[in-house]
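# Commentary on secondary and tertiary structure
Take a look at the letters that make up each chain.
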2 protein chains.
Amino acid sequence: MFEGSKIGRFVSKEDYRREQSDLRTELLVVQRELRQNKIPVMILLAGIEGAGKGEVTNRLNLWLDTRHVQTHAFWDETDEERARPRYWRFWRVVPARGEMAILFGAWYQDPIEQRFRGLCTDAELDMELARIVDFERMLVQDGALIVKFWFHMAEADQKARLKALSRDDRSRWKMLPDKAKFSQHYQEFERIGERVILHTDRGISPWFLVEATDRRYRDLTVGKTLLEAIRTRLDQTDAMEPSASGRVLGLPDVATAQVTLIDQLDMTLALPQAEYRSELKRLQADLNELAWQAYKAKRSTVLVFEGLDAAGKGGAIRRITGAIDARLFRTIPIAAPTDEETAHHYLWRFWRQIPRAGYITIYDRSWYGRVLVERVEDGLASDAEWRRAYTEINLFEEQLAEHGIILVKFWLQVSQDEQLRRFEERERVPYKRYKINAEDWRNRERWPLYKPAINEMVTRTSTEFASWNLIEANDKCYARIKVLRLLCEQIKKGLEQGPVSVRATCGARRIDSKSGNGRAATEPEPPGA
Amino acid sequence: MFEGSKIGRFVSKEDYRREQSDLRTELLVVQRELRQNKIPVMILLAGIEGAGKGEVTNRLNLWLDTRHVQTHAFWDETDEERARPRYWRFWRVVPARGEMAILFGAWYQDPIEQRFRGLCTDAELDMELARIVDFERMLVQDGALIVKFWFHMAEADQKARLKALSRDDRSRWKMLPDKAKFSQHYQEFERIGERVILHTDRGISPWFLVEATDRRYRDLTVGKTLLEAIRTRLDQTDAMEPSASGRVLGLPDVATAQVTLIDQLDMTLALPQAEYRSELKRLQADLNELAWQAYKAKRSTVLVFEGLDAAGKGGAIRRITGAIDARLFRTIPIAAPTDEETAHHYLWRFWRQIPRAGYITIYDRSWYGRVLVERVEDGLASDAEWRRAYTEINLFEEQLAEHGIILVKFWLQVSQDEQLRRFEERERVPYKRYKINAEDWRNRERWPLYKPAINEMVTRTSTEFASWNLIEANDKCYARIKVLRLLCEQIKKGLEQGPVSVRATCGARRIDSKSGNGRAATEPEPPGA
């Protein structure tokens, strides 16, 4: 694969000067167009050591308008990052629409390093690469442009380059934090690189191999390739509607069943007041203790509350928050996104609220809005967007589970009659009045559209690691007790069984229950060392 | 001071039930009004151990609409927090306008604990308390409501309470992270508490002493006091314009000098091309090395670039970023704030970008917009707002310096003639065209208004720890070299002299240059232990 990267291409000083000037002007022009078209760009730099990725970055920073370019290396994982699922640190730095980010290694760095150190098998590496493909596809479908560069050179050239660098006391390379010394095992690294590229070189986010022996050739090639990629992306924008940018990939259409899951709930279930009071007291005490246990064990809990208007989400949540020490949880009400949130992929706003190890986040409405309100109401998400959201959500929740987060999802259902009764009550009682508005009445009318959406959501996103809990909520007492009971059961089970191994992947970190930090397992020497 | 908190007040069960119901309704009503009026509320809980601050919080969470209340404890400082100035962790959690936050201990916790452990003197504690007063005043002047509760009870009552708690295996109190055991030194703690309250009980953010012996009395008192405080604040809103909410405190008016500092710059200074090239190369190499040294020493650098339009800020910044490894710096262009930023104090957007230890942040325009564009243009900041900004900015920069951040501020000045020439050039040259717009021309006309603003800014915010560097920028070569030279000098000096001790305060952390973490010094036992 890398033969073409060892030819010894070079560019003369004069050619470089001449071409650079035009290139720079063109890059500034397309960068402005990217901003106007609100397209976020990610430039990934990977490849062999000593190729001068830092130099390339500095060059790009000279050419581009740096006010809209951020560079991110992933040297040192902070404890706040370790205390959350692995991809949180990438979500932190994905650029807003119209901005650019240069990412060193990015999500490829850990899998390559772990395979190189022999910490995972080829099969596990492949699993992780499949995840990467999913991740990149999701960003691209959302409108992002991802340009990936792999820098390569012949073994002898690399050796010479590294020797020169190590002689120079002011060499930037010498100041870098120590990473695995890939350079000492050229062939093994090349083998892994080939595997990585083969598995992740998709049309939507292709790899560009760049021969890095000659600096001028390397930089010009990167610049020209980037320019070309941006132009191609801008042309696509002209050709299509932004909201239709996504294609439905591998998602068969589900015929909407006449009788839905929701219909099968027994809405007559109820609980007498006396029983409610004693159960409430008992379960709240249990929950209080479980929350502290989870805190001590550094295991996080994510709660999702969805349900019809007036189904009693707020009341159920208050019975939970009333039981847990307020310092341990945060409630995140999901309303209209802020403009910073709108400028990112729709999952970004949920990623940013993921709790640190040991804490609890309660989402009052959630990412499921994508397949509920955004599906049903006009103009919020295109068909393609909400259809692919099922897969995106499952992959997202898989990562939470894999990190050891206990994920508990509730759907609260009320009958149409009961909902009407509650709406009317809300309009009567003074301190409930703020809870009802015209939109609630409008949503009620759209019930025939919501019903199949709910059914499809529950069917498609009930996974082995994150099942829906359906709550018959016509009787508030019954609903609250059922929520508390299931929550206690599922936290208890989660604490007993540890993190869910959804699939063995290369990048996976072990959870160290004492420090609560996911860390790579102990680090053996590279092969042959 | 605390005699009134040891009377043994109590509320009967019936009275509690009766009062609670009304109180809850009222609290929900005013909470809605707070949202409508965009008033952020901070509720601080402090006082003696065993008073049940956690119980109070849970009670408030039951009464209020928890979707708009966040609770924050400051148990464990994360490494990301330690790698930044102390107040960063508080800026992270100040609520947006219309939201509420319940803060445990907040900015009082560390000073009290450090004084209690004998790590600082009374005088140092007082210095820190003066800073707290400044900080709270700044938030209140920005429209926030701060309600501070100090919980107290007689020594015997506390002993009994703690004994009961320690017997109960399910007690939340037992699960708390270990803090200093204040309870064993009731009188010393009472003495410190009295001092803290005396120094920080200002009209703008008063303390409310609450007797905590009887739970019902305690909770009702907190609820009613909070309600009263919110109502008072809401009444003020009706009475005055929001933008006039601030008063000018202790800032004498400075007569604008006829001849300004800016006039005294020698705008003919220039540098020949040949000299420029060799100097540039030398200084960029120095800067590259200094940036790596600062990274290794975990010392951050904050650069501020201000200047007239077309003064060459961008060009100067590019000569800096071109020299530094792109992984070490971030450029933050300051344009219109996002809506999340608008929902906070104007300094919040700058606090959130403060670099981690060892990294560099370059602000292309900055917080000085408050006393430049926001002063000069109508409708952006009131007179009171920009006038008090000088003090606010100095206090902000003092905290950066104290944490060991190297702060370097540049003002780039061009003459009116040269600016005109550059504007015209920008309109001619294709790749410069995006840099000029109608607003630039308008700003130019307002030069007579900007001039005194610039002069006053430089005069008032050139402090011992953060002086302005004035750059004569009519000649780009001269300006860039002067910027690079001063920057290198000031980083070098900063690295040599270590963190600036602006004033010895109680909460100050030592900088551990190896880990880059500011930590409290070694912890001796509490007095008398």
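Residues numbered from 1 in each chain as written. Chains lettered and ligands numbered in written order. Predicted model: local features only at pLDDT ≥ 70, side-chain atom pairs only at ≥ 80, totals over all residues.

Within an unreviewed UniProt entry, the label attached to chain A reads Polyphosphate:AMP phosphotransferase, and the organism entered is Thioalkalicoccus limnaeus.

## Quick word on the relation of the copies chain B and chain A
Our working definition: All copies are superposed by least squares; the fitting set is the C-alpha atoms of residues with a pLDDT of at least 70 in both.
With an axial shift of 0.0 Å and an RMSD of 0.0 Å, the rotation relating chain B to chain A amounts to 180 degrees. What the superposition gives is, in effect, a two-fold axis relating one chain to the other.

## Description of the interface of chain B and chain A
The following threshold applies: By definition, residues are in contact whenever their C-beta atoms, placed on the basis of the backbone, come within 7 Å of each other. Helix and strand definitions here come from DSSP, where helices need a minimum of 4 consecutive H or I residues and strands a minimum of 2 consecutive E residues; each element is numbered from the N-terminal end. Asp, Glu, Lys and Arg are counted as charged, while Ala, Val, Leu, Ile, Met, Phe, Trp, Tyr, Cys and Pro are counted as nonpolar; the rest, among them Gly, fall into the polar class.
With 41 residues of chain B at the interface, the matching set in chain A holds 41 residues. Broken down by element, the side of chain B that touches chain A gets its largest block of residues, five residues, from helix α2 (residues 53-63) of chain B. Among the residues making up the side of chain B that touches chain A, the classes are represented as 13 nonpolar, 14 polar and 14 charged.

## Describing the packing of helix α5 (residues 109-116) of chain A against helix α9 (residues 186-200) of chain A
Residue and element names in this part refer to chain A. Heads up, the condition is: Helix axes are fitted only over the stretch in contact, all axes being lines through C-alpha atoms; the angle between N-to-C directions runs from 0 to 180 degrees. If an angle is under 35 degrees, it is roughly parallel; if it is over 145, roughly antiparallel; if it lies from 65 to 115, roughly perpendicular; otherwise it is oblique. By definition, turning the near helix anticlockwise from the far helix through less than a right angle yields a left-handed crossing, and turning it clockwise yields a right-handed one.
For the pair α5 and α9, the least separation of the axes is 10 Å and the interaxial angle reads 135 degrees. Considering their axes alone, α5 and α9 lie oblique with respect to each other. Relative to α9, the crossing made by α5 is right-handed. Facing I112, R115 and F116 of α5, the residues of α9 in contact are E188, F189, I192 and V196. Each residue belonging to the contact of α5 with α9 can be placed in one class, and the counts come to five nonpolar, no polar and two charged.

## Focus on the sheet that holds strand β10 (residues 468-472) of chain B
All names here are of chain B. Heads up, the rule is: Criterion used throughout: strands pair if DSSP finds at least two bridges between them.
Here five strands make up an open sheet; going across it, the order is β7-β8-β6-β9-β10 and the pairing parallel. Whereas interior strands pair on both sides, the edge strands pair on one side only; in this sheet they are β7 (329-333) and β10. Strand-to-strand, the axes of this sheet are offset by a mean angle of 20 degrees, without reference to chain direction. Strand direction decides the pairing type here: β7 and strand β8 (residues 360-364), joined by five bridges, are parallel. Bridging across to β8, T331 finds its partner in I362. Packing against the sheet, helix α20 (residues 476-497) makes contact with β6 (301-307), β9 (406-413) and β10, and its axis sits at approximately 165 degrees to β9.

## Considering the domain arrangement of chain A
Residues and elements named next belong to chain A. This is how the line gets drawn: All domain edges in this entry derive from an automatic or database-based domain assignment.
Entries for chain A in the domain assignment read domain 1 (3-244) and domain 2 (266-512). Relative placement of domain 1 and domain 2: their C-alpha centres are 38 Å apart. Taken together, the contact pairs 28 residues of domain 1 with 25 residues of domain 2. Here the side of domain 1 that touches domain 2 gets nine residues from one element, more than from any other, and that element is helix α6 (residues 122-141). Across the side of domain 1 that touches domain 2, the residue classes break down as 14 nonpolar, three polar and eleven charged.

## Let's talk about the sheet that holds strand β4 (residues 145-152) of chain A
Residues and elements named next belong to chain A. Ordered by their spatial adjacency, five strands build an open sheet running β2-β3-β1-β4-β5, and the pairing between neighbours is parallel. The sheet terminates laterally at β2 (69-72) and β5 (207-211), the two strands that pair on one side only. With direction set aside, neighbouring strand axes in the sheet form an average angle of 20 degrees. Note that strand β1 (residues 41-47) and strand β3 (residues 100-104) share five bridges and pair parallel. Following the sheet pairing, L44 is matched in β3 by L103.

## A look at the pairing of β6(B)
All names here are of chain B. Applied cut-off: Think of it as a crowd count around each C-beta: if 20 or more other C-beta atoms lie within 10 Å the residue is buried, if 12 or fewer it is exposed, and in between it is partly exposed, with C-beta placed from the backbone throughout.
Of all seven residues in β6, seven are buried, a share of seventy percent or more. Residues T301, L303, F305 and G307 of β6 are buried on one face, and the alternating residues V302, V304 and E306, pointing to the opposite face, are buried as well. Relative to β8, β6 runs parallel, the two sharing five bridges. When the sheet's bridge partners are listed, L303 is paired in β8 with I362. The pairing of β6 with β9 spans seven bridges and is parallel. Pairing of E306 across the sheet is with W411, part of β9.

## Topic: the environment of B:W63
Residues and elements named next belong to chain B. As for its placement among the helices and strands, W63 is situated in helix α2. Taking C-alpha positions, W63 is 7.4 Å from L28, a pair spaced 35 residues apart along the chain. Setting aside anything within four residues of it in sequence, one finds W63 in contact with L23, R24, L27 and G223.

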